[in-house]
Amino acid sequence: WEASDLCSPSVSVALVGVESSEPDDAAGMGDGATTGDIQGAEVGTADEAVLLRAERDARGRGRTYELIYRATDAAGNAAPAMGTVTVPDNLGQGPEPLLMRLEPAGGTNALRMYWPAVVGARAYDVISGDLSALRVENSQTILGTVKVLARGTTETTIVEPANSPIPPPGRAFFYLIQYRTETGASGYGTESAPWPRVPASCEGGCPPP
């Protein structure tokens, strides 16, 4: 990792945590029947030497480890970042490379979103919408009208403004991200989605597919 600040001469970095998409020892013998797949993670320190076992459940599509760090400047301003390590099920085929995390950003209703950099990605698009608008149509998940929070950004974090609406009781908003390469966009589907996720319309126009 590298961290810097334009105004602060020093920036401290701390490991917040390490998470795995699969349990330490899944039921059965499909993942090697070992424990301690994450070792040497010194949370709260600038740890950059975490040991991760190259092991995955043979019944799944691959395993993803998430390493969360937080950088803090001399004034106490902090920003998170995430890196991922993937263990593919087969060579060339692995788990979803793009995972997004959300957390409060300090202001009322403010929300910070961040994700790991994807090798080969030139830009990212982030959208949000109302979960109640989702419907399945012609082997696609139609997302309804969505709000474009980031269009072609090269950053790996954005903050939704503090004055953004919050869902009323019994409702929920969703947040999705896609990355763009020289040959096209990844789309908003993930390994948990049975069909491609397609916006019905976007405020201000939809990012290119």
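Here the structure is shown first, and the text comes after it.
A. Structural view of the nonpolar core. If you look at the biggest cluster of nonpolar residues, it comprises 13 residues, and the most contacted ones within it are Leu98, Met100, Met113, Trp115, Tyr124, Val126 and Ile177. For this core, the secondary-structure elements that each account for two or more residues are β7 (111-114), β8 (123-130) and β13 (173-181). The element contributing the most residues to this core is β13, with three residues. Core analysis: the next-biggest nonpolar cluster, separate from the first, contains eight residues, Ile127, Val146, Val148 and Leu176 among them.

B. Spatial organisation of the environment of glycine 62. Tracing the chain through its elements places glycine 62 in strand β4 (residues 62-73). Taking relative accessible area as the criterion, glycine 62 reaches 8% and is therefore assigned buried.

C. Structural view of the pattern of salt bridges. For the coordinates displayed, the defined rule picks out nine salt bridges. Among the salt bridges present, the one from arginine 171 reaches aspartate 130, with a minimum N-O distance of 2.4 Å. Placement of the pair is arginine 171 in the loop between β12 (157-160) and β13 and aspartate 130 in strand β8, with a sequence separation of 41 residues. Owing to a relative accessible area of 18%, aspartate 130 belongs among the buried residues under this scheme. The salt bridge involving arginine 135 is made with glutamate 137; its shortest N-O contact spans 3.2 Å. Given the relative accessible area of 40%, arginine 135 is considered partly exposed. Three or more residues joined by partner-sharing salt bridges are found here, namely Glu19, Glu66 and Arg101.

Thresholds applied
Every chain's residues receive numbers from 1 upward, in the order its sequence appears when written. Confidence filtering applies because this is a predicted model: local features only for residues at pLDDT of at least 70, side-chain atom pairs given and counted only at 80 or more, and all residues used for totals across whole chains, interfaces and linings. To get the side-chain values, take all heavy atoms of the structure and skip hydrogens and water. Residues grouped as a nonpolar core are buried Ala, Val, Leu, Ile, Met, Phe, Trp, Tyr and Cys residues, joined through side-chain atoms within 4.5 Å. The buried label applies to any residue whose accessible area, calculated with a 1.4 Å probe on protein chains only, is under 20% of its type's maximum; exposed applies above 50%, and partly exposed to all values in between. Here a strand is any run of E in DSSP of at least two residues, a helix any run of H or I of at least four, and the numbering for each starts at the N terminus. We count a salt bridge whenever a side-chain nitrogen from Lys or Arg sits within 4 Å of a carboxyl oxygen from Asp or Glu.

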